[in-house]
Amino acid sequence: MSRGSSQRFDDDVVMGKAYDGRLLRRMAPFVAPYGRRLGLAIALLIGAALSEIIPPLLVQRAIDGPIQSGELNGLWGIFALYAGALLTTFTLRYSHSYLINSIGQSVMMDLRIYLFRHIQQLSLSFHDRNPVGRLLTRITNDVDALNEFLTSGMLLILADLVTLIGIILVMFLLNWRLALISLAIMPILALIVTIYQRVMRATYRLIRQRLAMINAYLNEQISGVLVTQLFGREAPSQDYFANMSADYLQANMRSVLYFAIFMPTVQLMAAIATAALLWGGGVGVLGGWASLGMLIAFVQYTQRAFEPIRNLAERYTILQAAMASAERIVGVIDTQAEIRDPDEPVTLPTPVRGTIELRDVVFGYDPHEPVLKGITLTIPAGQAVAIVGATGAGKSSLVGLLARFYDPQEGVITLDGIDIRHLRQRDLRRHIASVPQDPICFSGTIATNIRLHSTEIGDAQMRKAAETVNAATFIERLPGGYGYEVRERGANLSLGQRQLLAFARALAFNPEVLLILDEATSSVDTATEALIQEALARMLRGRTSIVIAHRLSTIRHVDRIVVLDKGRVVEDGSHDELLARQGFYSRLYRLQFAAQQVEG
Amino acid sequence: MANLRHLLPYMARYRLSLLIGLCCAIIGATVSTLSPYVLRLAVDELSTGTILLSSLTRYGGLLLIIALADGLFKFFQRMLIIGTSYAVENDLRRALFARYMQLDQSFFSQNHTGDLMARATNDLSAIRQLLGPGINGSATALFTFSAAALLMLFVNVPLALIVLLLMPLTTLIFILVGNRMRRTFTKVQDQFGTLSTRVQENFSGIRTIKAYAQEEAELAVFAADNAHYRTLSMRYMVLSGALWPLMTLGLGIVAALVLLVGGRLVVAGQLTIGQLAQFNAYLVMLSFPMIMLGWVVSLVQQAAASMDRLLEVLTRKPAITNPEVAIPLPHPRGEITLEGVGVRYTSERSDDRLSPRPAWMLHDISFHVPAGSSLALVGATGAGKTTLVNLLARVRDPDAGRVLIDGIDVRQLDLANLRRAISYVPQETFLFSRSLRENVAFGVDQADHAAIAHATTVSCLANDLDQFPDGIEAMVGERGLTLSGGQKQRVAIARAVLRNPAILVLDDALSSVDTHTSAQILTQLHELLRGRTSIIIAQRAATVRDADQIIVLHDGQIAEHGTHNELLQLGGHYTAMCRRELLEAELTD
C-alpha cells in the first residue's frame, strides 16, 4: 500500500482553535450511543488519578510515624495500603484504557462507515471536484485525529487537571506553608512550557513543510527516474535533493536546539523547587511547624505536579488537530448530494422495455454555460444509437444525464415513459448500465471485477457474460482463471484486457439500456481491436444502446446516428442517409473517421 | 542486527562529536547522582536537629549548582548526539537518493514507488531514532544507573540490591510486552492499508460503482473491513493499554519495598532517614531511564529491520554501469547495428521456476541502420518493440548478442556520451512539476531562447502556449496546469528535439495527438530527421510506410524486414496488417 500519495494532501493542516463547541456538538451524536460507557471510563480515570496521589502521603505517614518512632508493626499496615493503592491504580488505569479505546474504536468505525456511505452517495460533480487523496484523508487521518481527541486529548486533560488539583489540595491539607513554597515555581514553569510550545509549533510546521517537499520531490524523481537517466540529469537532481535535505536538516537542528534548552530548564525549575522546599522545610522542622516526612513527601509531590504541566503542550496540539479534522469532516457531512432519491419513488412497470425519451433537455456543469441546449430525442426499445460530434459537442454530458449522474437544468428524461428523477437511483441504474470511458479495474479477483461485490450475479451468469464479450479466452489462460488476482488499477492486465473486462461487467448486470463511452485507443493492437469490435457488436444486439462513438468501426454496428453540434442535435438518421445528405455528418466523418484509415 | 555495523562508516565522520557527547553524558550522569546525596546530608542533619540555617542555605545552593552543571552537560550531550543523528540521516538520505538515480529499470519494476519512498522516510527515521534518542537515552540511562548503583551500594548493600535487581525487571517487562505489541501492530497496520486501498479504489472508480448501483454492496465490504480492523486494534489495545500501568505498578512496588525494608533498617539503626530519602530520590531518578532502556531494545530491532531495507538498496549493484575503460563518443554519427540480440523475460511469476531460465522475449535480432536513415518497427502489443529500442540507450542490456552504435558495443561506450547521442519520445510522457520551459529544456545544460522556440515550433507545442496564462513559464503538475495527453506528447517531442540528438526514437509518440496536429508534427519532423538516424514505432502501417526499412516483430523474432513495397510483395504479416486496415476503411464506405 502506498500512503505516499495521500500524504500530500495533509499540508492543509492549519492549526487553529483548540476548542470549538459548535464542532463538538456536531460530533457528539457519534459518541452518544456509547454515553454510559464513556461515563464509566471517565469515572475510572478520575479514580486512577486520585489513587495515584496516595503513595507520597503514605511515605510521609511512614517516616513521621513508625520509622521515626521505631514501631515496626505500623510499617506493615502502611505497606499494605501502599500496595493496595498501586494495584488500584493499575486496575483503574488499565480498565480505563481498554474501555476508552474500545469506545474510540467503535466511534471511529461508525464514523468511517457513515462518511463512506455519505461520500459514496454524493454526486459525481462532488467527486470531480475532490481528489481521491483528499477524501481518503477524511476517512483515515481525520477520523484518527478525532479518536486521539477522545482517547488521549480531552479525557487526559481532565485527568491531568484532577491530578493537579488533587496534589494541590493534599499539599495544602498537609502543610499550607510548604504548599505555597512548592507551588511558587509552577506559574514560571507554565510560562516556560507555553513559550516553548509556541516556538516549537512554528519549528514543527517548518519541518513538516520541508519534509513534504522532500517527499514530493522523491516521489516525482522515482516515478520519472528513467527520464532523468536517459537525459543524463542525475547530477543536477542529486544536487537539488541535497539542498532540500540540507534545509530539512537545518530545521531539525533548530528543534534539537530548542529541546536541548527546554529540558534542562525544566530540570532546573525542579531543582529550584526542591532547594526551596529543603530550605523552607528545614526552617519548618527547626521551627516545629513541619516534619521530615512532610518534607520528603513534598519533594515527591512537586515532581509529580510538574508532569501535567509538561503534558499541556502535547495535549493542546492534539486538541487543535482534532478541531481542524472535525471542521473538515463536518464540511464533508454538510455537503448535500445534488442528485437525491425522490421522497415517494415510482417503480418501473415490468418488464422494463428500455424506451428512452429526452424532451428539451438543457444542461451545463456550470448552469450559466449550457453544454446541451435543448435536446429532444426518442430512442425506441432495442435500438442501437451512435452519438457523434466534435470534442465539446456535449456527447459525454448526454450519457451522464441518462445515467442520472447529473440532473438537467431544464427538460425531462424518461425511461419507459417515467421521469428518471421519480425513480430510485439504484432502480434506474439496475436497468441503465454505463460503461465508462476508462476501463476501471479494482484489486480483487477477475470474478469480483466482473460482478463487483454483487451477490445477485451467479458464476454461470458471470462466465456467460465473459464468453459473450470474448474475455473468457484470456481469462481462462490466466493462472487461476476467474480467481486470478487483479492488482490495483488492473496493473497486471493489458489495456485491451481491461476493456473486455469492463464489457463483461456491463453484460453480467444484464441491463435493458446500455450506455457506452467508446474510446479509440491506438495502443491496442489490431488483433485485440478486432476482439473488442466483435464484443461491442454482440452487446448492442437487441438492446437499447447509446454509444458515444470514436471508432470508425463502431458506427457500423448501430441502427441510427445522432449528430450533436454545440449542444444541439443537428442531424439524425442512418449512416448512408446522413452521408448522402452531404451535411455536417459527412464533413465530420471525413475529418474524424476517415482519417483513421490512414492514421489509426 | 549485525547489519547495523554498516552504520559505522557513516557515524565515523562525526566520531569527535559523538565522543565529546558521550563524555558529557558520563559527567552529566555522575553529577546528577550527587543531588540525592546532598538531600541525604540535609535530611540527616535535620533529623538530628543539629542543623544551622546557614548550612540549609548551603545545601539548597549546592542543589542548584548541581542542577546547573547537570543541565549544561545535558545540553551539550543532546546537541552533539541528537545533532549527529540528524547529520547521519541526511548523509544516508543523500546516499539513498544517489543510488536510486543509478539503479536500473528492473529494480524499479520490482519495487513500488510508495515502498521506495517509505525507505527514504520511515526507515531512515527509524534508524535516526536509534542513533539519536536511542544512543542519547541509553547513555544517560546506563551512566546514571552505574553511578547511582555505586552510591547506593556504598550506603547499604541489601537495600541497594533490592533496587538494582528489581528495577531492571521493569525494563524486561517493557521489552516483552513491547515485542508482542509490535507484532500485533504490524497486523493492525496491514489491515489499515487494506482499508485505505478499499476507500481509494472505491472513490477512484465511483463512476463504475454508481453505474451498477453497487453502493450498498461496497459499503458492506467496507464495513466488514472496518470490523476486522477494530478487532485487531482491540487486540493491540489489550497489550498497549497494559504497558504503562504495568510500568507504574512495577516501579511503585520497588518504591513500596524500599519504604518497607528501608524503614525497618532505619528502625534497626542500620540506615539513617537521610539515606532512605536518598534511595527514594534515586528511584525517581532511575525510573525514566529504565523504561528508556526497554524502549531502546525495540529501537534497535526496528532500526535493524529498517537497515535491512536500506541495505537492499544501498548494496544493490546497478545492472547498468559505466564501463571501467569507457570509450568516449563525442561526435556520434548514429549508425546502429544489432547482432544476434536476445532478451529474456524477467521472471517475476513463481510458476516460471519450472524452467531454469525464463523464455526469450526477443530472439536472434539482427539489423543494421546506416547513419541518417530511418527504421520503423511494427508488431502486436507486447511484441517487445519498446524493449528493443530501450537496448540502444542501455535501459537494459541484452541477454545475448551485441548492440553497436557507430560500430562500438554500447556496453563499452561512455554511458553519458551514449545517452547524449539518443533522444526518446516515449509512449507515456513524464513531466516534472516545474515550468513548461524547464520541462522542455530538461535534457540540456543550457538552452537559449531561439533553441527553445525552435523546439516548440517543431513539436507544435507553440500552438498550445497561447492558451496558458504564463505561456512557456506556466507551471506543470499538481499545483499547476493539467495538460492533455496530446500536449504532454508535444512537450516530450520538444524535449527530445532540443537535445539535437544523432538518433531519435519515437515510441508510438503520436498516439494521443489528433490527426491534424500529428500530420503537422510529422511534416516538421521530416525536416528535422534529415541527416539523423530515427526509429519509429507505430501500430499502423500508414504511419511507417515511408521509412527506409520496416521490421515486423512477431513472436520475439524478426518476421519480415524490408521496405514498404518489398513487404507488401511478401504477403505476410505486414500485408495482412495493411489489408485489414484497408478492409476496415472499405466496409464503412
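Not measured: the values here are computed from a predicted model. (Residues numbered from 1 in each chain as written. Chains lettered and ligands numbered in written order. Predicted model: local features only at pLDDT ≥ 70, side-chain atom pairs only at ≥ 80, totals over all residues. Heavy atoms only, no water.)

**Concerning the overall build of chain B**
Thought 1: When helices and strands are tallied, chain B shows 20 helices and 10 strands.
Thought 2: Here chain B has a C-alpha radius of gyration of 36 Å; the compact-globule value for 589 residues is 25 Å, and the former is much larger.
Thought 3: Taken over the C-alpha atoms alone, chain B extends approximately 120 × 60 × 55 Å along its principal axes.
Thought 4: Taking all 589 residues of chain B together, the buried fraction comes to 57%.
Thought 5: Looking at chain B as shown, the accessible area adds up to about 25,200 Å², and 58% of this sits on carbon and sulfur atoms.
Thought 6: Across chain B, 50 positive and 50 negative side-chain charges occur, with their mean positions spaced 11 Å apart. (Helix = DSSP H or I, 4+ residues; strand = E, 2+ residues; numbered from the N terminus. Rg over C-alpha atoms; globule rule 2.2 N^0.38 Å. Buried < 20%, exposed > 50% of the residue type's maximum accessible area, 1.4 Å probe, protein only. Areas by Shrake-Rupley, 256 points an atom, 1.4 Å probe, with all protein chains shown as cover. Lys, Arg positive; Asp, Glu negative; His and termini not counted. Charge placed at Lys NZ, Arg CZ, Asp CG, Glu CD.)

**Here's the deal with the nonpolar core**
Thought 1: Ile67(A), Ile103(A) and Met152(B) are the most contacted members of the largest nonpolar core, which has 153 residues in total.
Thought 2: Among the elements that line this core, the one with the most residues is helix H9 (residues 215-267) of chain B, at 20 residues.
Thought 3: Leave out the neighbours within four places in its chain, and Ile103(A) touches Tyr34(A), Arg37(A), Leu38(A), Ala41(A) and Leu150(A).
Thought 4: In terms of nonpolar packing, the next biggest core, distinct from the first, is built from 92 residues, Ile375(A), Ala384(A), Leu536(A) and Met539(A) among them. (Core = buried A, V, L, I, M, F, W, Y, C linked by side-chain atoms within 4.5 Å. Contact = heavy atoms within 4.5 Å.)

**A short note on the pattern of salt bridges**
Thought 1: On inspection of all chains with the given rule, the structure shows 36 salt bridges over all chains.
Thought 2: Across the pair Arg421(A) and Asp419(A) runs a salt bridge, and its minimum N-O distance is 3.4 Å.
Thought 3: A salt bridge links Glu339(B) to Arg402(B), with the nearest nitrogen and oxygen atoms 3.2 Å apart. Highlighted residues: Glu339(B) in strand S1 (residues 336-344) and Arg402(B) in strand S4 (residues 400-405), separated in sequence by 63 residues. (Salt bridge = Lys/Arg side-chain N within 4 Å of Asp/Glu carboxyl O.)

**Thoughts on the interface of chain A and chain B**
Often, the extent of an interface is quoted as the loss of accessible area upon association of its parts.
Thought 1: Counting from both sides, the interface comprises 140 residues of chain A and, opposite them, 138 residues of chain B.
Thought 2: Summing the contributions of chain A and of chain B, the shared interface buries around 13,300 Å²; its carbon and sulfur component is 69%.
Thought 3: For the pair chain A and chain B, the interface holds 4 salt bridges.
Thought 4: Among the ionic pairs, Glu216(B) bridges to Arg117(A), the shortest N-O distance being 3.9 Å.
Thought 5: Joining chain A to chain B, the criterion identifies 23 residue pairs in polar contact (both at pLDDT 80 or more). (Buried area = accessible area lost by both parts, 1.4 Å probe. Polar contact = N/O pair within 3.5 Å; in protein donor to acceptor, adjacent residues only side chain to side chain.)

**Considering a positive patch on the surface**
All names here are of chain B.
Thought 1: There is a patch of like positive charges on the surface, built from Arg180, Arg183, Lys187 and Arg235.
Thought 2: Considering every element that reaches the positive patch, the biggest residue donor is helix H7 (residues 157-204), with 3 residues.
Thought 3: Within the secondary structure, Arg183 is located in helix H7. (Patch = residues over 30% accessible without salt bridge, like charges linked within 9 Å, V, L, I, M, F, W, Y side chains within 5 Å.)

**Considering the domain arrangement of chain B**
Thought 1: Domain parsing of chain B yields domain 1 (2-314) and domain 2 (365-588).
Thought 2: Each of domain 1 of chain B and domain 2 of chain B has a C-alpha centre, and these two points are 56 Å apart. (Domains from an automatic or database assignment.)

**A look at the domain arrangement of chain A**
Thought 1: Looking at the assigned domains, one finds that chain A contains domain 1 (18-174 + 320-338), domain 2 (176-289) and domain 3 (356-598).
Thought 2: Computed over C-alpha atoms only, the centres of domain 2 of chain A and domain 3 of chain A are separated by 58 Å.

**Remarks on the environment of Leu415(A)**
All names here are of chain A.
Thought 1: Positionally, Leu415 belongs in strand S4 (residues 410-415).
Thought 2: A residue is classified by how much of its surface remains accessible, and Leu415, at 0% relative accessible area, is buried.
Thought 3: Sequence separation between Leu415 and Ile379 is 36 residues; the distance between their C-alpha atoms is 9.8 Å.
Thought 4: Not counting residues within four places of it along the chain, the set of residues in contact with Leu415 comprises Leu348, Gly354, Thr355, Ile356, Ile420, Leu428, His431, Ile432 and Val513.

**Let's talk about the layout of surface pockets**
Thought 1: Quantified by volume, the second largest pocket comes out at close to 440 Å³.
Thought 2: As for the second largest pocket, its lining consists of 26 residues, and the residues nearest its centre are Gln229(A), Glu234(A), Leu415(B), Ala416(B) and Arg419(B).
Thought 3: Where the lining of the second largest pocket is concerned, the elements lending two or more residues are helix H9 (225-230) of chain A together with helix H4 (53-102) and helix H12 (415-421) of chain B.
Thought 4: Per-element tally for the lining of the second largest pocket: the top contributor is H12(B), with 4 residues.
Thought 5: Here the lining of the second largest pocket is composed, by residue class, of 10 nonpolar, 8 polar and 8 charged. (1 Å grid on protein atoms, 1.4 Å probe; cavity = no way out; pocket = protein on both sides within 12 Å on 5 of 7 lines; lining within 4 Å. Points joined across faces, edges and corners; volume = space filled by probe spheres on them. Nonpolar A, V, L, I, M, F, W, Y, C, P; charged D, E, K, R; others polar.)

**Side note on the sheet that holds S1(B)**
Thought 1: Read across the open sheet, the 4 strands follow the order S2-S1-S4-S5 (chain B); overall the sheet is antiparallel. What marks the edges here is a single partner per strand, and that holds for strand S2 (360-369) and strand S5 (408-409) of chain B. (Pairing = 2+ DSSP bridges.)

**Here we look at a nonpolar patch on the surface**
All names here are of chain B.
Thought 1: A cluster of nonpolar side chains, namely Leu153, Val157, Leu161 and Leu165, defines an oily patch on the protein surface of about 340 Å² accessible area.
Thought 2: Among the elements that take part in the nonpolar patch, H7 stands out by supplying 3 residues, more than any other.
Thought 3: Positionally, Leu153 belongs in helix H6 (residues 113-155).
Thought 4: Take Leu153: its relative accessible area is 34%, and that puts it in the partly exposed class.

**Some thoughts on the sheet that holds strand S11 (residues 560-565) of chain A**
Residue and element names in this part refer to chain A.
Thought 1: Strand order in the open sheet formed by 6 strands is S6-S9-S10-S3-S11-S12, with mixed pairing between adjacent strands. The outermost strands of the open sheet, each flanked by one partner alone, are strand S6 (432-435) and strand S12 (568-573). Strand-to-strand twist in this sheet, taken as the mean axis angle between neighbours without regard to direction, amounts to 20°.
Thought 2: Contacting strand S3 (384-388), S6, strand S9 (513-517), strand S10 (544-548) and S11, helix H12 (residues 395-402) crosses the sheet at an angle of about 150° to S9. (Axes fitted to C-alpha atoms, helices over the stretch in contact; angles between N-to-C directions.)

**Side note on helix H10 (residues 273-314) of chain B**
Residue and element names in this part refer to chain B.
Thought 1: Spanning 42 residues, H10 covers 59 Å between terminal C-alpha atoms, matching the ideal 62 Å at 1.5 Å per step.
Thought 2: In H10, a bend of some 35° at Leu286 exceeds every other bend along the element, and Pro289, a proline, comes one to four places later.
Thought 3: The buried fraction of H10 amounts to 30 of the 42 residues, a majority that puts the element mostly inside the structure. (Expected span 1.5 Å × (residues − 1). Bend = angle between axes of the 7 residues up to and from the residue.)

**Some points on the pairing of S4(B)**
Residue and element names in this part refer to chain B.
Thought 1: Inspection of the sheet shows S1 paired to S4 by 5 bridges, in the antiparallel sense. The residue of S4 that forms the bridge with Leu338 is Val403.
Thought 2: Strand direction decides the pairing type here: S4 and S5, joined by 2 bridges, are antiparallel. Directly across from Leu404, in S5, lies its bridge partner Asp409.
Thought 3: What sits between S4 and S5 in their antiparallel hairpin is a turn of 2 residues, with Asp406 showing a positive phi close to 50°.

**Examining the confidence of the model for chain A**
All names here are of chain A.
Thought 1: With 93% of its residues at a pLDDT of 70 or more, chain A shows a mean pLDDT of 85.
Thought 2: Low confidence marks residues 1-14, where pLDDT is under 50. Its contacts with residues over four positions away, or in another chain, come to 26 contacts.
Thought 3: Confidence drops under pLDDT 50 across residues 595-600; counting only partners more than four residues distant or on other chains, this segment forms 21 contacts. (pLDDT = per-residue confidence, 0-100.)

**Looking at the packing of H4(B) against H10(B)**
Residue and element names in this part refer to chain B.
Thought 1: Running from amino to carboxyl end, H4 crosses H10 at an angle of 45°, the nearest separation of the two axes being 9 Å. When the axes of H4 and H10 are compared, the pair comes out oblique. Residues Leu92, Ala95, Leu96, Arg99 and Tyr100 of H4 lie in contact with H10, whose contacting residues are Leu310, Val313 and Leu314.
Thought 2: The residue inventory of the contact of H4 with H10, partitioned by class, reads 7 nonpolar, no polar and 1 charged. (Parallel < 35°, antiparallel > 145°, perpendicular 65-115°, else oblique.)

**A word on the confidence of the model for chain B**
Thought 1: Looking at chain B as a whole, the pLDDT averages 87, with 94% of positions reaching at least 70.
Thought 2: Of all the helices and strands in chain B, helix H20 (residues 573-588) of chain B carries the lowest mean pLDDT, 68, while helix H2 (residues 15-32) of chain B carries the highest, 96.

**Observations concerning the environment of Gly542(A)**
Thought 1: If you trace the backbone, Gly542(A) turns up in the loop between helix H18 (526-540) and S10.
Thought 2: Placed 149 residues apart in sequence, Gly542(A) and Ala393(A) show a C-alpha to C-alpha distance of 28 Å.

**Considering the side chain of Asn3(B)**
All names here are of chain B.
Thought 1: As for its position among the elements, Asn3 is in the segment before helix H1 (8-12).
Thought 2: Classification of Asn3 by relative accessible area gives buried; the value is 12%.
Thought 3: Dropping the residues within four chain positions of it, Asn3 is found in contact with Ala304, Met307, Asp308 and Leu311.

**A few points about the packing of helix H7 (residues 176-183) of chain A against helix H10 (residues 234-287) of chain A**
All names here are of chain A.
Thought 1: H10 packs onto H7 with a crossing angle of 160° between their chain directions and a minimal axis gap of 9 Å. With respect to H10, the element H7 is oriented roughly antiparallel. Crossing hand, H7 versus H10: right-handed. Contacts between H7 and H10 pair Leu178, Ile181 and Ser182 from the former with Ala276, Leu277, Gly280 and Gly281 from the latter.
Thought 2: Residues of the contact of H7 with H10, tallied by class, amount to 4 nonpolar, 3 polar and no charged. (Left-handed = near helix turned anticlockwise from the far one by under 90°.)

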